[in-house]
Number of protein chains: 2
Amino acid sequence: MNRNAVTPMPREAVDKAKASLGLADFACANIREVVTVANKVEAATGLKYVRMEMGVPGLKPDTIGTEAEIEALRQGCAARYPMLDGHPALKEAAARFVKAFTDVDVEPRCCIPVSGSMQGAYATFMDICHAVPERDTVLFIDPGFPVQKTQLDIIGLKHVAFDIYGVRGQDLLDKVEQMLKAGNISAMLFANPNNPSWMCLQDDEIRGLAALADKYDVIIVEDLAYFGMDFRKDVSHPGVPPFQPSVGKYTDRFVMLISGSKAFSYAGQRIGVAVISSAQYDRAYPALASRYGVASFGAVFVNRILYCLSSGTAHSAQYALAAMLAAAADGKYNFLEAAHEYGRRAAAIKEIFIKNGFHLVYADDMGDPVADGFYFTVGYPGMTGAALMEELLYYGVSIISLDSTGSHQQGLRVCVSFVSESQFPLLDERLKMFRDDHPAA
Amino acid sequence: MNRNAVTPMPREAVDKAKASLGLADFACANIREVVTVANKVEAATGLKYVRMEMGVPGLKPDTIGTEAEIEALRQGCAARYPMLDGHPALKEAAARFVKAFTDVDVEPRCCIPVSGSMQGAYATFMDICHAVPERDTVLFIDPGFPVQKTQLDIIGLKHVAFDIYGVRGQDLLDKVEQMLKAGNISAMLFANPNNPSWMCLQDDEIRGLAALADKYDVIIVEDLAYFGMDFRKDVSHPGVPPFQPSVGKYTDRFVMLISGSKAFSYAGQRIGVAVISSAQYDRAYPALASRYGVASFGAVFVNRILYCLSSGTAHSAQYALAAMLAAAADGKYNFLEAAHEYGRRAAAIKEIFIKNGFHLVYADDMGDPVADGFYFTVGYPGMTGAALMEELLYYGVSIISLDSTGSHQQGLRVCVSFVSESQFPLLDERLKMFRDDHPAA
């Protein structure tokens, strides 16, 4: 590394911002801490990063959502506590949405609004932790969203994981079964499409995971944060195939997390829906009964855990998501149309990285190239992901390392959502400068 | 009890709703479960309860809040993740509000928006739990808001408490010191005004508690859910005494919880602010460093705990509360004027209870009658609080028992916010019927 190069961001400003975090080792910085460094450097210098660290949707939401929310505020929803199990219209719309786009039947009563999928995952983990205290570990199919593991750390659950890189199809199922056999795993989590590799599990894999969940009595937490965003196939038409793949087709042991943040560009309002199968919702656990006085997984989720976490979810945002989900299920609003923009940007940004000496890390998806979507992954010869993340901050490019995602590969997770076309030349110029300062061996 | 009386609500409808909760013993029903019973009976019968179980603000919020929120939505805040440490205007307004109405100096950076004080308390408990793992117990000055104890159960912290009934002034301080001496207590919590007794700690008591916090190195969680609502004195004028009492005047070891729900009638949007002293915010704990890679109490609160709980708080609601707090601090909006309505209702509803054979439980506040405010407490001769709660549900009156509040007295917590003047005759009639069926011994 050429530490003496004049970099686009002054070294002292970057160093000062890094030091302000109080981290023992910058390699363990989480997404929000990288955001903080970029914000501080920008504030101190007036210079702008090309920001690809955070999964921030860069699109405007459809007015269907905001107008419904504004109307609800005018009608006075701000004064009234939201029902803990959610605004009835959102519960109804969520069930119809799930049927329309995954072809899975769920009941409105089992569709629970949450303060973002972040809260949905937290509440799910906590419910599982207390329902099945004799098993203390969650299995992650990595790479993944790092904060879900921090959630487990906070709750006091353990986790095991493996990197899906090169482990697909029957190998994937064999690997999962081997881990479930240990008997300590209460739940497994995967995202589809996967953040950040953008790999997509295929139907055979999903069916196999569902069968394993039944065989070993494990709950699948299916993170659908990027619902429908495998743009190689168009799942945007309600009630007609192809559908967003879901384990809900093959097992009752699931909690689906549907986020308003990405597909609906509604991250600011912290709104999502946790969709629980009826059987899982009603399943009675003696450990829940003795801890909470209520045995049902769903009742504890709603009346105990969500109550304690935030007493429900901001009322007006529930009206917004209800309106968007209902319009999508009715075929009046193509919720994926706007998100295609991410695919177009991904294609262009990949090209800029590759021409500057980077390579794709997760490139192959069961014989096909991974789709162009919200994220992709890149590496640079001779550098670890952590070193690359840290070094690029001096070059005005803000991205997180794959380390934190549970990947065993060396590289970065690139999020394309916040990079506009007008920034492409600047990105190219900065990566070129980086490459000049760091000639590959 | 006359179990055969014809009651305003059909017995079978009430019994069915109670059974639907799956509780082993109805005496342990929480507020939301009582709400559920009342909702179900109303839905099944078309009859209406006089509802006094839940602290639901019954007033319309000022348009300052909703208009600011609507404008923020129009400007696109729904698309952008909120900053984890909060919208800068809200942080700024919260610090000014605290100075204006408690005369305590706090920094905007230490004023953290939360998804309601519920999330604020949860995050605070979790931070303290992980900062001071060698002390596993929180002290509550009871009676109090029962869900805060459920939060501790979920987190895995213990709690001890005592009933403030008859324990005031120097007795209170002696009692607290005796409990702190055990060395297992990391934090103590009280609400001022107190929910549900509506007792208010006096300045000498608050100063004494602050001194004990310093002496035993304990963090005070000051729940200001009912900010300024001791209507015996008018604290609504910014910058001039009298002020809302606060331990912040006497110690740095505090987290104040300021709620948007009650004083600002904004419960629907789940918005509040956790205000931490600068010293507590910056205090470094080795246990936090080893668990989270960050030592500072405040940094863990924001970048680890709030991140994991919900990735921040609904964006538009932050604009609403910012506008209301700023207008209040500037003297342009008397945020307590509307809330005086609760005091007027309390006076009238107390009278209805008393004329039907009930008596006040917490009646005396250091020689003065307790103020008329959001809550008061009543008992009935010869009946426990739990039996009274359960029996009144048949009489169309929905209230929670004092048991769940940590009180050792027998009686009910009456919330006046949702009872309109037009319901007073109905309440009178139903309580009379109850009294006729349950002649006091």
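Residues numbered from 1 in each chain as written. Chains lettered and ligands numbered in written order. Predicted model: local features only at pLDDT ≥ 70, side-chain atom pairs only at ≥ 80, totals over all residues. Heavy atoms only, no water.

> Just checking my understanding: could you explain the pattern of salt bridges for this structure?
Opposite charge on two side chains lets them pair, provided their charged atoms get close. Per the counting criterion, the structure on display carries 66 salt bridges over all chains. The shortest N-O distance in the salt bridge between arginine 109 of chain B and aspartate 282 of chain B comes to 2.7 Å. Of this pair, arginine 109 of chain B sits in the loop between helix H4 (88-102) and strand E2 (111-114) while aspartate 282 of chain B sits in helix H9 (residues 278-282), and the two are 173 residues apart along the sequence. By relative accessible area, arginine 109 of chain B is classed as partly exposed at 32%. Taking the relative accessible area as the measure of exposure, aspartate 282 of chain B reaches 41% and is therefore partly exposed. The salt bridge partner of aspartate 230 of chain B is arginine 232 of chain B, with a shortest N-O separation of 2.9 Å. Owing to a relative accessible area of 39%, arginine 232 of chain B belongs among the partly exposed residues under this scheme. Through salt bridges with shared partners, one network takes in Arg135, Asp214, Asp217, Arg253 and Arg283 of chain A. (Salt bridge = Lys/Arg side-chain N within 4 Å of Asp/Glu carboxyl O. Helix = DSSP H or I, 4+ residues; strand = E, 2+ residues; numbered from the N terminus. Buried < 20%, exposed > 50% of the residue type's maximum accessible area, 1.4 Å probe, protein only.)

> Help me out: how do you make sense of the nonpolar core in this one?
Soluble globular proteins: nonpolar side chains tend toward being buried together. Among the nonpolar cores identified, the biggest contains 342 residues, and Met52, Phe335, Ile349 and Phe353 of chain A together with Met52, Phe335 and Phe353 of chain B are the most heavily contacted of them. Aside from chain neighbours lying at most four places away, what touches isoleucine 349 of chain A is Met52, Phe376, Val414, Val416, Val419, Phe424 and Leu427 of chain A. (Core = buried A, V, L, I, M, F, W, Y, C linked by side-chain atoms within 4.5 Å. Contact = heavy atoms within 4.5 Å.)

> Explanation requested: the packing of aromatic side chains in the structure shown.
Aromatic ring pairs: the centre-centre distance and the angle between the two ring planes describe each pair. Across all of its chains, the model carries 45 aromatic pairs over all chains by this definition. Seen in terms of ring centroids, tyrosine 226 of chain B and phenylalanine 374 of chain B are 5.2 Å apart; in terms of plane orientation they differ by 45°. Their pairing is tilted. Highlighted residues: tyrosine 226 of chain B in the loop between strand E6 (219-224) and strand E7 (254-259) and phenylalanine 374 of chain B in the loop between strand E11 (368-369) and strand E12 (375-379), separated in sequence by 148 residues. Comparing tyrosine 226 of chain B with phenylalanine 374 of chain B shows no difference in burial state: the two are buried. A connected cluster of aromatic rings, assembled from ring pairs, spans Phe353, Phe358, Phe376, Tyr380, Tyr395 and Phe434 of chain A. One cation-aromatic arrangement involves lysine 18 of chain A over phenylalanine 26 of chain A; the distance from NZ or CZ to the ring centre is 5.5 Å. For arginine 32 of chain B, the ring lying beneath its charged end belongs to tyrosine 307 of chain A, and the centroid distance is 5.2 Å. (Phe/Tyr/Trp six-rings, centres within 6.5 Å; stacked < 30°, edge-to-face > 60°. Lys NZ or Arg CZ within 6 Å of the ring centre and 35° of its normal.)

> Help me out: how do you make sense of the environment of leucine 431 of chain B in this one?
On the secondary structure map, leucine 431 of chain B appears in helix H15 (residues 424-437). Taking relative accessible area as the criterion, leucine 431 of chain B reaches 0% and is therefore assigned buried.

> Just checking my understanding: could you explain the relation of the copies chain B and chain A for this structure?
Put simply, the two copies of the chain differ by a rotation about an axis and a shift along that axis. Overlaying chain B with chain A gives an RMSD of 0.0 Å, the required rotation being 180° about an axis along which the chain moves by 0.0 Å. Overall, the copies show the geometry of a two-fold rotation axis. Within chain B, the C-alpha atom positioned nearest to the axis of rotation is that of isoleucine 70 of chain B, 2.9 Å from it. Here 100% of the interface residues in chain B have copies in chain A that are interface residues too; the copies meet face to matching face. (Least-squares fit on C-alpha atoms with pLDDT ≥ 70 in both.)

> Hey, could you run me through the environment of arginine 435 of chain A in this one?
Residues and elements named next belong to chain A. Note on placement: arginine 435 falls in helix H15 (residues 424-437). Classification of arginine 435 by relative accessible area gives partly exposed; the value is 37%. Here the alpha-carbon distance between arginine 435 and asparagine 356, two residues 79 residues apart in the chain, equals 6.5 Å. Beyond its immediate stretch of four places on either side in the chain, arginine 435 contacts Lys355, Asn356, Gly357 and Tyr380.

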